[in-house]
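Survey of secondary and tertiary structure
Read off the chains here:
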Amino acid sequence: MSDFLLELSKNPNARKLIQTLGLPIPLPQSLERARGPWEERPLADRRVVVGAAPGGTLSSVLAVALAAAGAEPILAPRATGGGLDEAPFKTAGEAYGRPPRTIEEAGDKPYWALVFDATGIADPSGLRALYDFFHPIVGKLARSGRIVVLGRALEDVADPAAAAAQMALEGFIRSASKEVGRKGATANLVRVDHDAQGRVPPLLRYLASTRAAFVTGQPIRVSLQAAPAAGSDGEVPWTRPLEGKVVLVTGAARGIGAATVKLLAAEGARVACLDRPADDAPLSQIAREIGGTPILADVSDPEAPAKIASELTERLGGVDVVVHNAGITRDKTLAKMKPELWDQTIDVNLAAVARITDALAKKGGPLRDGGRVICLSSVAGIAGNMGQTNYAASKAGIIGLVRALAPKLAGRGITVNAIAPGFIETRLTAAIPVVIREVGRRLAALGQGGLPEDIGQLVTFLASPGAQGVTGQIIRDCGGALIGA
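These numbers were taken from a predicted model, which means no experiment stands behind them. (Residues numbered from 1 in each chain as written. Predicted model: local features only at pLDDT ≥ 70, side-chain atom pairs only at ≥ 80, totals over all residues. Heavy atoms only, no water.)

1. Quick word on the overall build of the chain
Heads up, the rule is: Only DSSP runs of H or I with at least four residues qualify as helices, and only runs of E with at least two residues qualify as strands; both kinds are numbered from the N terminus onward. For the radius of gyration, the atom set is restricted to C-alpha positions; the globular benchmark scales as 2.2 Å times the number of residues to the power 0.38. Each residue is assigned to one of three classes by its accessible area relative to the maximum for its type, calculated with a 1.4 Å probe on protein chains only: buried under 20%, partly exposed between the two thresholds, exposed over 50%. In this analysis, two residues are considered to be in contact whenever any of their non-hydrogen atoms come within 4.5 Å of each other.
Counting secondary structure elements, the chain contains 17 helices and 14 strands. At 22 Å, the chain has a C-alpha radius of gyration in line with the 23 Å of a compact globule built from 485 residues. Taking the principal axes of the C-alpha coordinates as reference, the chain spans close to 65 × 60 × 45 Å. Burial analysis of the chain (485 residues in total) assigns 56% to the buried set. Sequence-distant contacts in the chain: of pairs separated by 6 or more residues, those separated by 24 or more amount to 78%.

Here you go:
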């Protein structure tokens, strides 16, 4: 327990307030995080219970995806997973040496993941299948375990009763994430477009793995919106997925940027590390460490887009992935904020992102077809923060930019997504007063702050060929922050 919370918990009135707010007094569960490069079988020897509502359509996809990832599938009883087709699991089990077992055969050891196909739920009464599946087994979910529910994309549901039932999955998963968060476990929802089942396995592998330690309570859509690109459908590389790819990361000298470039390089990417000329020393150091290419540019400079495009073309032959990580805060309440603080924040965090993306993605620009644009937003852009009208506006603007760009670039196979980090342990958050910092950590389902590498892991997944089905999405990597949930 932190010294602050320990002392606070000794005060009866303060303790009552903590409990009323739902802040856990004991230390939160340490999260199991992946170390090292991607593995061929990220779920090796992990026990995964699988079930489905009647009418579920994803049994074959789940069977192959889980077996290929090395999981030990455990099939829910028909009474709790009546829609599950067991035949694909038996076939996949023979092919991958992972024969399915029943819950009775599996014994009493904890389960790493609970995966439920809810695509067959067509009316409110069908939601009982969620209760029937999870109620008897959720108590056996392992520490740092995973819950993944798969539903239909709301855009594909016209019937009001079916739409109500499918929307109910979001309320279920957000609440479930808070219930299991105390043991470091996560819960997420995958919405699958009609005919997009083939793009589900990479996202399922990511969410069920230890690389998604801080992503919880999130609905993520899988679609066919982005056109197929080489290596994006069919045989997806599970190891070193960014081999031969060129990735640009802005704000690469420190914090989230520095953690991200290391993870990208570990997966085979050739990384262009960009930051301000004032950060030449730390930028050069990180670039040398990963064998990357340093680029010195101030993103707010009107000449920066052309300079960056030229550097990428002449030095690296183009770019495959653009990660807009650079950002600033200039916090003041609106009444006390000087105009230059407003202008700087909007320009660096939003306008520069739009200018640079336009220069790189335009016809004849260095961004190749099948590429990726990944922008850093913030939970502040979703929920707002006291004294951050400028910052929140800029980060909400990123969300609008991503949603507008995604369909425009989809025809070229380029995906566009945003990540909204929550409380991440960086030098910036370390400067926050201790009381506010501690509350910020605890106001989340996982009861703690995230690490820069948590954001880097999600960036790496979205940059990979397997993320072709994920575009136009705003994914909160926030540990289930209660603010703006």
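So much for the structure itself; the text now carries on.
2. Comments concerning the confidence of the model for the chain
The line we're drawing: One number per residue, pLDDT, summarises how confident the predictor is, and it ranges from 0 to 100.
In this model, the chain carries a mean pLDDT of 92, and residues with pLDDT of at least 70 account for 92%. Across residues 1–11 the pLDDT falls below 50, and counting only partners more than four positions away or on other chains, this stretch makes 20 contacts in the model.

3. Looking at helix α12 (residues 339–361)
Keep this limit in mind: By this rule, a helix spans an expected 1.5 Å times one less than how many residues it contains. For a residue, the bend is simply the angle between two axes, fitted respectively to the seven-residue segment ending there and the seven-residue segment starting there.
For α12, with 23 residues, the first-to-last C-alpha span of 31 Å sits near the 33 Å given by 1.5 Å per residue. The axis of α12 is deflected most strongly, by about 45°, at Asp347. Among all positions of α12, only Leu341, Thr345, Val348, Asn349, Ala352, Val353, Ile356, Thr357, Ala359, Leu360 and Ala361 are buried. Looking at the buried positions of α12, the neighbouring elements they touch are β8 (246–250), α11 (304–316), β11 (319–324), β12 (367–376) and α14 (389–409).

4. A closer look at the packing of α11 against α12
As a reminder, the rule being used: Note on geometry: axes are C-alpha line fits, over the in-contact stretch for helices, and angles between N-to-C directions span 0 to 180 degrees. By definition in this entry, angles of less than 35 degrees are roughly parallel, angles greater than 145 are roughly antiparallel, angles of 65 to 115 are roughly perpendicular, and the rest are oblique. Left-handed is the label given to a crossing in which the near helix is rotated counterclockwise from the far helix by less than a right angle, and right-handed is the label when the rotation is clockwise. Polar here means any residue outside two lists: the nonpolar Ala, Val, Leu, Ile, Met, Phe, Trp, Tyr, Cys and Pro, and the charged Asp, Glu, Lys and Arg; Gly therefore counts as polar.
The N-to-C vectors of α11 and α12 enclose an angle of 40°; their axes lie 9 Å apart at closest approach. In terms of orientation, α11 and α12 fall into the oblique class. The way α11 lies across α12 gives a crossing that is right-handed. Together, Pro305, Ile308, Ala309 and Leu312 of α11 and Arg355, Ile356, Ala359 and Leu360 of α12 make up the contact between the two elements. Here the contact of α11 with α12 is built from residues that sort into seven nonpolar, no polar and one charged.

5. Thoughts on the side chain of Arg211
Put simply, the rule is: Under this definition, polar contacts are N or O atom pairs within 3.5 Å; protein pairs additionally need one hydrogen-donor-capable and one acceptor-capable atom, and for neighbouring residues in sequence, both atoms have to be side-chain atoms.
Residue placement: Arg211 occurs in the loop between α8 (200–208) and β7 (219–222). Here the side chain of Arg211 touches Gly36 through a polar contact of 2.9 Å, landing on its backbone oxygen.

6. Overview of the sheet that holds strand β14 (residues 474–477)
Quick reminder of the rule: Two strands make a pair as long as DSSP finds a minimum of two bridges between them.
Sheet architecture is open: seven strands sit in the order β10-β9-β8-β11-β12-β13-β14, paired in parallel fashion. Among the strands making up the open sheet, the edge pair consists of β10 (293–296) and β14. In this sheet, neighbouring strand axes are inclined to one another by 20° on average, regardless of whether the strands run parallel or antiparallel. Pairing of β8 with strand β9 (residues 270–275) involves five bridges; the strand directions are parallel.

7. Concerning a nonpolar patch on the surface
Stated formally: Each patch is built from residues lacking any salt bridge and having more than 30% relative accessible area; the joining distance is 9 Å for like charges and 5 Å for nonpolar side chains (Val, Leu, Ile, Met, Phe, Trp, Tyr). Per-residue and other accessible areas follow the Shrake-Rupley method at a 1.4 Å probe size, with only the shown protein chains counted as cover for residues. Note on definitions: salt bridges are taken to be side-chain nitrogens of Lys or Arg within 4 Å of carboxyl oxygens of Asp or Glu.
Among the surface-exposed residues, Val434, Val435 and Ile436 lie close enough to one another that they form a single nonpolar patch of about 260 Å² accessible area. Note that Ile436 resides in helix α16 (residues 434–442). When its relative accessible area of 55% is taken as the criterion, Ile436 is described as exposed.

8. Observations concerning the packing of aromatic side chains
For the record, the criterion: Stacked, tilted and edge-to-face are the three classes applied to pairs of Phe, Tyr and Trp rings, where Trp contributes its six-membered ring and a pair requires centres within 6.5 Å; stacked means planes under 30 degrees apart, edge-to-face means over 60, and tilted covers the rest.
Counted under the stated rule, the structure contains five aromatic pairs. Look at Phe116 and Phe133: their rings are 4.9 Å apart centre to centre, the planes differ by 35°, and that puts the pair in the tilted class. Highlighted residues: Phe116 in strand β4 (residues 111–117) and Phe133 in helix α6 (residues 128–134), separated in sequence by 17 residues. No difference in accessibility class separates Phe116 from Phe133, as the two residues are buried. Centroid distance Phe134 to Phe172: 5.4 Å. Interplanar angle 45°. Geometry classified as tilted. One end of the pair, Phe134, is in helix α6; the other, Phe172, is in helix α7 (residues 160–180), with 38 residues separating them in the sequence.

9. So, the pattern of salt bridges
For the structure shown, the criterion picks out 21 salt bridges. Put simply, Glu72 and Arg101 hold a salt bridge, and the shortest N to O gap is 3.2 Å. With Glu72 in strand β2 (residues 72–75) and Arg101 in strand β3 (residues 101–102), the pair connects residues that are 29 residues apart, well separated along the chain. Under the relative-accessibility criterion, Arg101 is labelled partly exposed at 27%. Close ionic contact of Arg240 with Glu243 constitutes a salt bridge, the shortest N to O distance being 2.4 Å.

10. Things to note about helix α10 (residues 280–290)
Residues spaced three or four apart along an α-helix face the same direction, because each turn holds 3.6 residues. The test is simple: Picture the helix axis, draw a direction to every C-beta atom, and the arc is the one those directions span.
Burial in α10 covers these residues: Leu283, Ser284, Ile286, Ala287 and Ile290. Considered in projection along α10, the buried side chains sweep an arc of 165° and stay on one side of the axis. Exposed positions of α10 whose direction lies more than 90 degrees from the buried face are Ala281, Arg288 and Glu289. On its buried face, α10 is in contact with α9 (255–266), β9 and β10.

11. Some details on unusual backbone geometry
Of note in the backbone geometry, Asp45 takes a positive phi value of approximately 65° without being a glycine. Looking at the secondary structure, you find Asp45 in the loop between α2 (12–21) and β1 (47–52). In this structure, Ser144 takes a positive phi of about 60° despite not being glycine. Tracing the backbone through its elements, the reader meets Ser144 in strand β5 (residues 141–152).

12. Observations regarding the side chain of Asn325
Note that Asn325 resides in the loop between β11 and α12. What Asn325 contacts, discounting residues up to four positions off in sequence, is Val249, Thr250, Gly251, Ile256, Gly257 and Leu376.

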